[in-house]
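The residues making up each chain are set out below.
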Amino acid sequence: LVLFMENLMENPSKRAVTELYGFLEKNNLPITSDGHFLAYKKVRKDFLDIHSGTMSNAPGTVVEMERNMVDDDQNRTCSTGLHFCSESYLNHFGDSTSRTVILKINPRDVVSIPTDYDNAKGRACRYEVTGELGVDPADAFTASVQETANQADTTAEMIRIAVEAGVKAALA
């Protein structure tokens, strides 16, 4: 949790820090031992992004773009940026041929959490594709963070408290 807070405090946007807190709290996404979090993304059968069909999201790939090219307005719900989502958003994008990949995202790279779909998706400037979902979405993160997140007994309440403390520190 300490590494998560350190990474979060590297995010230059107060708004993104605040929005990310709500996203993580609501969607119960796991935090990795190096202070990143895991999320989902729908892609084409060939692992290219659904929107443009030009960006590979194959497992092992790091995808990035300039931060100032990512739309930071949470009220623009469909806009530029590298998209990620929670489990609750998966049925709202893609089709039956789409693959679902698991992303590892550093909190410093989150730019915006759009307000539509009840804060279930986000935009970042960088993420790593760690694997393809091959199980029920509810079980997706168990193996990849079992040893670290569960040993630390990290709860949503602990994340909320840590993020609130970080936001207060950033405002001071």
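No experiment lies behind these values; they were computed from the predicted model shown. (Residues numbered from 1 in each chain as written. Predicted model: local features only at pLDDT ≥ 70, side-chain atom pairs only at ≥ 80, totals over all residues. Heavy atoms only, no water.)

## Topic: the side chain of Asp116
Within the secondary structure, Asp116 is located in the loop between strand S5 (110-112) and strand S6 (121-124). A polar side-chain atom of Asp116 sits 3.2 Å from a polar atom in the side chain of Lys121. The residues touching Asp116, leaving out its near neighbours within four places in the chain, are Thr77 and Lys121. (Helix = DSSP H or I, 4+ residues; strand = E, 2+ residues; numbered from the N terminus. Polar contact = N/O pair within 3.5 Å; in protein donor to acceptor, adjacent residues only side chain to side chain. Contact = heavy atoms within 4.5 Å.)

## Observations regarding helix H1 (residues 2-9)
Buried within H1 we find Phe4, Met5, Asn7 and Leu8. For H1, the angular spread of buried residues about the axis comes to 160°, placing them on one side. (Buried < 20%, exposed > 50% of the residue type's maximum accessible area, 1.4 Å probe, protein only. Arc of directions from axis to C-beta.)

## Describing the environment of Leu103
Position of Leu103 relative to the elements: it lies in strand S4 (residues 99-105). Among the residues examined, Leu103 registers a relative accessible area of 0% and is labelled buried. If we ignore the near neighbours within four places in the chain, the residues touching Leu103 are Phe37, Leu38, Ala39, Tyr40, Lys41, His83, Phe84, Tyr127, Glu128, Val129 and Thr130.

## Examining the nonpolar core
Among the nonpolar cores identified, the biggest contains 24 residues, and Phe23, Phe37, Phe84 and Ile105 are the most heavily contacted of them. The set of elements that each furnish at least two residues to this core consists of H1, helix H2 (14-27), strand S1 (37-43), strand S3 (82-85), S4 and strand S7 (126-132). Top contributing element to this core by residue count: H2, with 4 residues. With residues near it in sequence (within four places) discarded, Phe37 still touches Leu20, Phe23, Leu24, Leu29, Pro30, Ile31, Phe84, Leu103, Lys104, Ile105, Pro107 and Val110. (Core = buried A, V, L, I, M, F, W, Y, C linked by side-chain atoms within 4.5 Å.)

## Comments concerning the side chain of Asn7
With respect to the element layout, Asn7 can be found in helix H1. Of note is the side chain of Asn7, whose polar atom sits 3.1 Å from the backbone oxygen of Asp34. Other than its neighbours up to four places away in sequence, Asn7 contacts Asp34, Gly35, His36, Asn106, Pro107 and Arg108.

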